[in-house]
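Read off the chains here:
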Amino acid sequence: MELIGYFILLVYFAILILIGALCSRNQDSLSDFFLAGRNIPTWAALAAIVATETSAVTLLSAPALAFKEGGDFSFLQVAFGYILARVILALFFLPKFFERDIVTIYEFIGLRFGKHAQRVTGIFFFITRALAAGVRHYAAALVVSVLINVDLITAIVVTGVISLIYSYLGGISAVIWTEVLQLGVMIAGGVLALFYLLYLMPGGWSHVVEAASEQNKWVLFHWDWSGTGNYSLLIGMLGGLCLCLASHGADQDMVQRLLSCRNLRSAQTAIIGSGIFVFFQFAFFLFIGVLLFAFYGTLPSDIEKTDQLLPFFAIQNMRPEASALVIAAILSAALSSTASALNSLSSTSVNDFVLAFYKNDLDKKKLVNYSRAFTLIWTVILIVIAIAASGSENILETGLSIPSLTYGSLLAAFLLGIFTSFRNQMALIPGMFAGVAVVLTLWFFELNWTWFVSSRNRDGDADRLRRRVADPF
């Protein structure tokens with residue numbers, strides 16, 4: 001990439017850090033640092049949810065899913081489940097969260113079941129959010145390593161430091177407002193990539209239609225009710241429904257934006273609107289993948305993974321300033337995911353653990369300083385996890401499957417707290433650990449990730465189970 005491209009990226013990163021510095025003012029309490037004073041407008045919360053949910057995993061691996069052999073639009077069956085889940089969350093979960101003045105949703109579990117249950121759900125969140133965020137952070141490093149030709153570890157550290165700076169300074173307020181900017185950059189970068197692909201396409205639109213049709217890449221629904229395949233209609237919608245119920249109802253990373261809204265109605269509008277937006281966004285980037293397939297046919301020899309395809313195309317075929325914007329779009333997604341995870345991990349560390357030991361002995365300013373310290377600690381942890389994640393084959397499926405290990409147990413706890421009168425934490429906690437054990441067993445037997453949250457088996461994987469038992473290693 002030429003000098004103008006690097007200049008655009010530097011200006012963009014400088015703007016992100018400036019936003020963090022501006023938001024650092026008036027950070028005098030945990031509500032300010034973690035909930036932006038509960039003063040985020042609906043449209044900004046919607047954009048922040050979309051930006052966080054998108055991540056570089058989506059921008060890199062959604063096109064890769066459509067590009068690869070057998071790839072099509074069937075991932076959208078999962079997105080249909082996302083929309084349905086958000087309606088349920090808006091009607092039943094959010095009213096319960098807004099009844100109390102809580103900073104983290106695990107405080108809700110503490111109020112319903114007890115402090116031990118609150119800490120267990122917090123620990124579950126730590127493990128899976130850190131692992132999933134580390135995978136997403138690795139996705140950002142892939143882009144940086146391709147862009148400036150540096151080794152992967154250096155790229156991971158650089159992107160981690162950038163995310164740390166503005167999330168450390170401005171808390172969730174900085175995270176949300178940078179995510180608003182980042183979503184705009186993501187959309188602009190995607191549109192530019194679409195324009196260049198169509199403009200440079202050999203044979204034009206007719207070639208796209210012909211090449212994609214020959215490989216059945218226009219398929220949306222897989223009318224397979226046996227339960228085989230990650231994205232058959234049954235698994236896709238059920239998996240999407242359960243996954244989104246957990247990720248947007250039992251995961252502090254997502255719900256934190258909704259708790260930052262001015263009122264319940266604002267949060268409900270933001271979460272439902274984000275589901276519709278995300279559906280079309282997935283469709284858009286899957287379409288980009290189909291265009292990349294029509295353009296290349298096979299994976300170029302200069303790259304090793306399909307996840308590198310979009311940044312490779314941008315650097316090789318677009319004007320420097322245009323490719324810089326596409327790269328910035330991918331980095332935007334990655335940075336927003338990392339910064340978001342840092343803030344939510346820090347909020348849970350302070351609210352659900354530090355406060356439990358110190359009670360009311362710490363003043364508000366000292367608690368904010370503790371929050372910033374935990375932001376730094378979690379940055380180091382995410383960098384280590386990102387380095388370890390470099391062996392994953394498809395980062396979209398890896399990024400979705402990792403949090404699914406505990407999502408089922410977390411979601412079950414919230415469902416019991418919201419819809420039943422059950423309040424026995426000594427029964428809840430062993431049940432949660434048992435749920436994780438079941439999902440780990442399913443993962444060991446290589447069942448599809450879309451079944452992890454609902455924790456149900458299916459007959460279509462019987463042969464795979466038998467093979468795995470016969471040869472477990």
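Here the residue numbering is sequential within each chain, running from 1 through the sequence in written order. Restriction of local features to residues with pLDDT of at least 70 applies here, the model being predicted, together with a cutoff of 80 or more for giving and counting side-chain atom pairs; totals for whole chains, interfaces and linings are based on all residues. Side-chain numbers here rest on the full set of heavy atoms in the structure, without hydrogens or water.

Draft legend 1. Representation of the packing of aromatic side chains in the model. In this scheme Phe, Tyr and Trp rings, the latter by its six-membered ring, pair at centre separations within 6.5 Å, and the angle between planes marks the pair as stacked below 30 degrees, edge-to-face above 60, and tilted otherwise. Taken as a whole and judged by the stated rule, the model has 32 aromatic pairs. Ring centres of Phe-93 and Phe-419 lie 6.3 Å apart, and the angle between their planes is 65 degrees; this geometry places the pair in the edge-to-face category. Taken together, the positions of Phe-93 in helix α4 (residues 76-99) and Phe-419 in helix α16 (residues 404-419) put the pair 326 residues apart, joining distant regions of the chain. Cation over ring: Lys-217 sits above Phe-293, and NZ or CZ is 4.6 Å from the ring centre. Put simply, DSSP H or I for four residues or longer makes a helix, DSSP E for two residues or longer makes a strand, and each gets a number counted from the N terminus. We call a charge positioned above a ring when the Lys NZ or Arg CZ atom is no farther than 6 Å from the ring centre and deviates by at most 35 degrees from the ring normal.

Draft legend 2. Structural detail: the pattern of salt bridges. A carboxyl oxygen of Asp or Glu within 4 Å of a side-chain nitrogen of Lys or Arg is what we treat as a salt bridge. For the structure on display, the rule yields five salt bridges. A salt bridge links Asp-253 to Arg-129, with the shortest nitrogen-to-oxygen separation between them at 3.7 Å. Of the two residues, Asp-253 is situated in helix α10 (residues 252-259) and Arg-129 in helix α6 (residues 115-148); the sequence distance between them amounts to 124 residues. Here Asp-253 falls in the buried class, since its relative accessible area comes to 1%. For Glu-179, the salt bridge is made with Arg-257, and the minimal N-O distance between the two is 3.0 Å. On the criterion of sequence distance, the pair formed by Glu-179 in helix α7 (residues 152-200) and Arg-257 in helix α10 is long-range, its members being 78 residues apart. Relative accessible area decides the class of each residue, using a 1.4 Å probe on protein chains only: under 20% of the type maximum gives buried, over 50% gives exposed, and in between gives partly exposed. Here Glu-179 falls in the buried class, since its relative accessible area comes to 0%. Three or more residues joined by partner-sharing salt bridges are found here, namely Arg-129, Asp-251 and Asp-253.

Draft legend 3. Layout of the packing of α4 against helix α11 (residues 264-296). To get an axis, a line is fitted to the C-alpha atoms, and for a helix only the part in contact is used. The angle between two axes follows their N-to-C directions and goes from 0 to 180 degrees. Across the interface, α4 lies against α11 with an axial gap of 9 Å and an inter-helix angle of 170 degrees. It follows that α4 is roughly antiparallel to α11 by the angle criterion. Three classes are used: nonpolar for Ala, Val, Leu, Ile, Met, Phe, Trp, Tyr, Cys and Pro, charged for Asp, Glu, Lys and Arg, and polar for all others, with Gly counted as polar. In the contact of α4 with α11, the residues fall into 21 nonpolar, three polar and one charged. Between 65 and 115 degrees an angle is taken as roughly perpendicular, under 35 as roughly parallel, over 145 as roughly antiparallel, and anywhere else as oblique.

Draft legend 4. Examining the nonpolar core more closely. Definition of nonpolar core: a set of buried residues of the types Ala, Val, Leu, Ile, Met, Phe, Trp, Tyr and Cys, connected through side-chain atoms within 4.5 Å. Counting 143 residues, the largest nonpolar core has Phe-13, Leu-76, Tyr-82, Phe-97, Leu-286 and Phe-414 as the members making the most contacts within it. With 17 residues, the single largest contributor to this core is α11.

Draft legend 5. A look at the side chain of Gln-281. If you trace the backbone, Gln-281 turns up in helix α11. Its relative accessible area of 9% is what places Gln-281 among the buried residues. Note on contacts: a residue pair qualifies if any of its non-hydrogen atoms lie within 4.5 Å across the two residues. Excluding residues within four positions of it along the chain, Gln-281 makes contact with Val-50, Thr-54 and Leu-183.

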